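Below are the chains, spelled out letter by letter.
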Amino acid sequence: MNAQQPAAGRSPSADRPADAPPPPQDDRAPLDELGFTVSGRIARPVAEVYEAVADPEQLSRYFTTGGARGRLAAGADVTWDFADFPGRFPVTVLEAVPPRRIVIAWEGSDLVGEATTTRTVFTFEPLDDGTRTLVTITESAWRPTADGAKNAFGNCEGWTGMLAAMKVWLEHGITLREGFYR
C-alpha cells in the first residue's frame, strides 16, 4: 500500500488527526464573498455568556466603550457606540434564541451585490458540563477585493478583541478595552 493512500474502506480524513486542518479546497473555484469565523472559550455558563452579549448594560462594560442602547432581541434596532471609533452604529437583530444564538446585521462597505449590511452570527455552546462556553462569531458579506478584504480583516480584528475583552471581564472583572485604542 502507498503511504499516501488510506487503507481500503477508510476515508482520507480518518488518517488525519482530529485537530488537523481540512485539506485545501479547489483553488480554482470562484471566490464570491469574504467572511470569517473567530471563537473563544469562556469559563462561565452559557446563559451568563449569552447575557453578556444581549444585555446592553453588560456589553457597554467591556465592548461598546461609548455605550450600547437596546437589548439584542429579535426584531430590535439598537445602537452601539465606541469611544475609540466615534459615532453610533445601528444594529438590527435578525434572530435571538436565548441562550444559544444571536444574529445581527450592521452597516458595512465594499459588500457583495446590493448589500448594505453584514450578517454576524453569534453561537454559544456549553462545554465541560456547562461550566464553560464556546463563543463563535461568524461574519460575512464583503466583496473579494482589496477594500473588501481590508474591511473584513478590520471587523475580524474587532470581534477577536471583543471575545478577549468579554473573557477577561466575565472571568476577572477587568475592562480590557479601556485606553486600548486611544
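Everything discussed here concerns the structure shown above.
If you're wondering where the values come from, they're calculated on a predicted model, not measured in any experiment. (Residues numbered from 1 in each chain as written. Predicted model: local features only at pLDDT ≥ 70, side-chain atom pairs only at ≥ 80, totals over all residues. Heavy atoms only, no water.)

Undergrad: What is the right way to read the sheet that holds strand 3 (residues 77-82) from this model?
TA: The strand order across the open sheet built from 7 strands is 1-7-6-5-4-3-2, with neighbouring strands paired in antiparallel fashion. Edge positions in the sheet fall to strand 1 (34-42) and strand 2 (67-69), since each has one partner strand and no second. When strand polarity is set aside, the average angle formed by the axes of neighbouring strands in this sheet is 20 degrees. Across 6 bridges, the pairing between strand 3 and strand 4 (residues 85-97) is antiparallel. In the strand pairing of strand 4, V78 is matched with V91. Sheet strands in contact with helix 3 (residues 146-172) are strand 1, strand 3, strand 5 (101-107), strand 6 (117-127) and strand 7 (132-142), and its direction is about 10 degrees off that of strand 1. (Pairing = 2+ DSSP bridges. Helix = DSSP H or I, 4+ residues; strand = E, 2+ residues; numbered from the N terminus. Axes fitted to C-alpha atoms, helices over the stretch in contact; angles between N-to-C directions. Contact = heavy atoms within 4.5 Å.)

Undergrad: How do you make sense of the environment of A47 when you look at a structure like this?
TA: Structurally, A47 can be placed in helix 1 (residues 46-54). For the pair formed by A47 and P98, sequence separation is 51 residues and the distance between their alpha carbons is 7.4 Å.

Undergrad: Can you help me understand the side chain of T64 in this one?
TA: Note that T64 resides in the loop between helix 2 (56-62) and strand 2. Residue T64 is classed as buried on the basis of its relative accessible area of 0%. Not counting residues up to four positions away in its chain, the partners in contact with T64 are L59, W80, D81 and F82. (Buried < 20%, exposed > 50% of the residue type's maximum accessible area, 1.4 Å probe, protein only.)

Undergrad: I would appreciate a short explanation of unusual backbone geometry in the present structure.
TA: With the exception of glycine, most residues fall at negative phi, and the peptide bonds are largely trans. Here the amide bond leading from P98 into P99 is cis, since omega sits at -10 degrees, within 30 degrees of zero. Positionally, P99 belongs in the loop between strand 4 and strand 5. Even without being a glycine, D110 presents a positive backbone phi close to 60 degrees. Examined against the element boundaries, D110 turns out to sit in the loop between strand 5 and strand 6.

Undergrad: When you look at the nonpolar core in this model, what are you seeing that I'm missing?
TA: Most often, soluble globular proteins have nonpolar side chains that are buried together. Core analysis: the biggest nonpolar cluster contains 41 residues, and Y62, W80, W159, M162 and M166 have the highest contact counts within it. Sort the elements by how many residues they give to this core and helix 3 lands first, with 10 residues. (Core = buried A, V, L, I, M, F, W, Y, C linked by side-chain atoms within 4.5 Å.)

Undergrad: Mind showing me how you'd approach the packing of helix 1 against helix 3 here?
TA: In a pair of packed helices, the angle between the axes and the distance between the axes together describe the arrangement. Direction vectors running N to C along helix 1 and helix 3 enclose 120 degrees, while the axes themselves pass 11 Å from each other. Classified by the angle their axes make, helix 1 and helix 3 are oblique. The handedness of the crossing between helix 1 and helix 3 comes out as right-handed. On the side of helix 1, the interface is formed by E48, V49, A52 and V53, while helix 3 contributes M162, M166, W169 and L170. Among the residues forming the contact of helix 1 with helix 3, the class breakdown is 7 nonpolar, no polar and 1 charged. (Parallel < 35°, antiparallel > 145°, perpendicular 65-115°, else oblique. Left-handed = near helix turned anticlockwise from the far one by under 90°. Nonpolar A, V, L, I, M, F, W, Y, C, P; charged D, E, K, R; others polar.)

Undergrad: Where do I start with the side chain of D81 in this structure?
TA: When you line up the elements, D81 lands in strand 3. Buried within the structure, D81 lacks any salt-bridge partner; R88 is the closest side chain of opposite charge, at an N-O distance of 4.4 Å. A distance of 3.5 Å separates a polar side-chain atom of D81 from the backbone nitrogen of G87. Sequence-distant contacts of D81, that is, excluding residues within four places in its chain, are made with T64, T65, G66, G67, R69, P86, G87 and R88. (Lys, Arg positive; Asp, Glu negative; His and termini not counted. Salt bridge = Lys/Arg side-chain N within 4 Å of Asp/Glu carboxyl O. Polar contact = N/O pair within 3.5 Å; in protein donor to acceptor, adjacent residues only side chain to side chain.)

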